[in-house]
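# A structural walkthrough
Residues per chain, in single letters:
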Amino acid sequence: MKKQNSYNWNMVFFLSIIPLIGFVGTGIYVYHNGIVWQEPLLLLVFWFLSGMGITMGYHRLFAHKSYETTNFIQWVLMILGSLAFENTILKWSSDHRKHHTHPETENDPYSIKEGFWHAHIGWILKNTPEEKNKIIGVKDLEKKSVVKFQNKYYFHIGILFGMVLPLCIGLLYGRPLGAILWGTFLRITLVHHATFFINSLCHYVGARPYDSNSTARDSWFVSLFTFGEGYHNYHHKFQWDYRNGIKWFAFDPSKWIINFLSYFGFAYNLKKAKEYLIWESRIESIKNQLNDKLSSATDSIANLYISKVELLYNQSQDIFTIWKELDLKYNKSISVDKLKNKEIIKKIRNINKENINKVKLIKIDLDQILLNIKRGKLVLD
Ligand SMILES: [Zn+2]
Ligand SMILES: [Zn+2]
């Protein structure tokens, strides 16, 4: 019997040889042959496309079902995801759903509790006991023809679009070797580690504004090289939301493309967390952080702030109760009448705006108290 956690040497070989050829091979090639503009362009285009196949396709469409789209786009995303060489939709989604259902436990394939290395790449390189490696929790996906097709021809699709296609493009301008080094090996290395960083760095660097108990974190910086998936604390809290970065300016190309497609009717049933749920989680998160700090603070600090925190928290709860009732009431009255609905949607928008402003003020006060406690300040306005 194989020793648990011993390394799968085939996997170690492939995940070492690809970056080795990607970096060293491309470096030697550039040293002897220089660079033509088509090569970095090939890298960027194929990196972006395969990255989108993973975030927009594997992750948000298949694993989380956070939106729906046409058959054609599903097939395109399946092909783009295949050229990232990150296994099939079924295996990827099964692992990912385990990660969300049992976060940070032994049933989480890439639990950060087992260390940065394990969460990043170690879990792929190690032999996983058969019981834990089973593809489960994806019955809904198994029925899809696009998923069935990929399961049968995964390597064929990956090699055709991820290797042969860049090679053919390279033949067009007379540098096939350069094209495969830039467009395949270097590109796969980058897309692999961008995805791996979501499991490692996104559970390591950044803030926890939506769930202070989760190891998942939000970082705009990490989102820049993880195709917008750096807003991971939000994602773990609202995994079914098609957005990761919820602010309009938050770097999240998958969100922007899904929005663009939905504008033309090619993406629909976009799932989005309600504003009151988002703000409720923000208040809960800061309240938990305050409770932690207050439980270990000096008596003078605890005596000064505990009642103030309770008061502000209770005020926020009153706002949420009324906000939810109003939201429910107006959402119930949404009918088939488009003109009437416009009015209702406007009303809901105004209710959200009004309540966000109220809760924001409470959040500012709670943030200030947290800062004061961290600095050991005794100030109460
Ligand atoms: Zn995660
Ligand atoms: Zn996810």
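Residues numbered from 1 in each chain as written. Chains lettered and ligands numbered in written order. Predicted model: local features only at pLDDT ≥ 70, side-chain atom pairs only at ≥ 80, totals over all residues.

## Re the overall build of the protein
Rules: Numbering goes from the N terminus for both helices and strands, where a helix is a DSSP run of H or I of at least four residues and a strand is a run of E of at least two. Residue pairs qualify as contacts under a 7 Å threshold applied to their C-beta atoms, which are placed from the backbone.
Helix and strand content of the protein: 15 helices and two strands. When contacts within the protein are restricted to residue pairs at least 6 apart in sequence, long-range pairs at least 24 apart make up 70% of them.

## Section: helix α14 (residues 299-332)
Which entries qualify depends on this criterion: A helix is expected to reach a length of 1.5 Å times the quantity of its residues less one. We define the bend at any residue as the angle between the axes fitted to the seven residues before and including it, ending there, and the seven starting there. The exposure label follows from counting other C-beta atoms within 10 Å of a residue's C-beta, where the C-beta atoms are placed from the backbone and the thresholds are 20 or more for buried and 12 or fewer for exposed, leaving partly exposed in between.
The first and last C-alpha atoms of α14 sit 49 Å apart over 34 residues, in line with the 50 Å expected at 1.5 Å per residue. Bending of α14 peaks at approximately 30 degrees at the position of Tyr305. Within α14, burial applies to Tyr305, Val309, Leu312, Ser316, Ile319 and Trp323. Buried positions along α14 lie against α13 (275-295) and α15 (338-375).

## A closer look at unusual backbone geometry
One non-glycine residue, Phe85, adopts positive backbone phi at about 55 degrees. Of note, Phe85 is situated in the loop between α3 (71-82) and α4 (89-101). For Phe227, which is not a glycine, the phi torsion comes out positive at approximately 55 degrees. Tracing the backbone through its elements, the reader meets Phe227 in the loop between α10 (220-224) and α11 (232-237).

## Regarding the environment of Tyr313
Mapping Tyr313 onto the fold places it in helix α14. Not counting chain neighbours up to four residues away, the residues in contact with Tyr313 comprise Ile283 and Lys287.

## So, the domain arrangement of the protein
Quick note on the threshold: Segmentation into domains, and thus their bounds, comes from an automatic or database assignment. Three classes are used, and their members are as follows: Ala, Val, Leu, Ile, Met, Phe, Trp, Tyr, Cys and Pro are nonpolar, Asp, Glu, Lys and Arg are charged, and the others, Gly among them, are polar.
Here the domain parsing of the protein yields domain 1 (9-268) and domain 2 (275-375). For domain 1 and domain 2, the distance between their C-alpha centroids amounts to 35 Å. Counting from both sides, the interface comprises seven residues of domain 1 and, opposite them, five residues of domain 2. Looking at the side of domain 1 that touches domain 2 residue by residue, the class counts come to two nonpolar, two polar and three charged.

## Side note on the packing of helix α2 (residues 38-63) against α3
Rules: In this analysis an axis means a line fitted to C-alpha atoms, helices contributing only their contacting stretch, and an angle means the value between N-to-C directions, from 0 to 180 degrees. Roughly parallel means an angle under 35 degrees; roughly antiparallel, over 145; roughly perpendicular, 65 to 115; everything else is oblique. Note on convention: near helix rotated counterclockwise from far helix by under a right angle means a left-handed crossing. Clockwise means right-handed.
As a packed pair, α2 and α3 sit with axes 7 Å apart at the nearest point and diverge in direction by 120 degrees. In this view, α2 runs oblique relative to α3, as classed from their interaxial angle. Classified by chirality, the crossing of α3 by α2 is left-handed. Residues Leu49, Ser50, Met52, Gly53, Ile54, Met56, Gly57, Tyr58 and Leu61 of α2 form the contact with α3, whose own contacting residues are Leu77, Met78, Leu80 and Gly81.

## Focus: the packing of helix α1 (residues 9-33) against helix α9 (residues 176-199)
At their nearest, the axes of α1 and α9 sit 8 Å apart, and the two run at 145 degrees to each other. For the pair α1 and α9, the crossing hand works out as left-handed. Residue-level contacts link Ile18, Pro19, Ile21, Gly22, Phe23, Gly25, Thr26, Tyr29 and Asn33 of α1 to Leu177, Gly178, Leu181, Trp182, Phe185, Leu186, Ile188 and Thr189 of α9. Residue composition of the contact of α1 with α9, grouped by class: eleven nonpolar, six polar and no charged.

## Some details on α3
Taking 1.5 Å of rise per residue, the twelve residues of α3 would be expected to cover 16 Å, and the 16 Å separating its terminal C-alpha atoms lies within 8% of that figure. For α3, the full list of buried residues reads Leu77, Met78, Ile79, Leu80, Gly81 and Ser82. For α3, the secondary structure elements touched by its buried residues are α2, α4 and α8 (145-172).

## Comments concerning the nonpolar core
Put simply, the rule is: Each nonpolar core consists of buried Ala, Val, Leu, Ile, Met, Phe, Trp, Tyr and Cys residues. Their C-beta atoms, within 7 Å, join them into a set.
Formed by 45 residues in total, the largest nonpolar core has its most connected members in Ile89 and Phe197. Of all the secondary structure elements, the ones that give two or more residues to this core are α2, α3, α4 and α9. Beyond its immediate chain neighbours, meaning those up to four positions away, Ile89 contacts Tyr58, Phe62, Met78, Gly81, Leu141, Val147 and Gln150.

## Section: the environment of Lys65
By the element assignment, Lys65 lies in the loop between α2 and β1 (68-69). Taking the number of C-beta atoms within 10 Å as the measure of exposure, Lys65 has 15 and is therefore partly exposed.

## Brief notes about the environment of Gln289
The topology assignment puts Gln289 in helix α13. Residue classification places Gln289 among the partly exposed residues on the basis of 18 C-beta atoms within 10 Å. When the C-alpha atoms of Gln289 and Asp218 are compared, they prove to be 16 Å apart, with 71 residues separating the residues in sequence. Discounting residues that sit within four places of it in the chain, Gln289 has contacts with Ser212 and Leu370.

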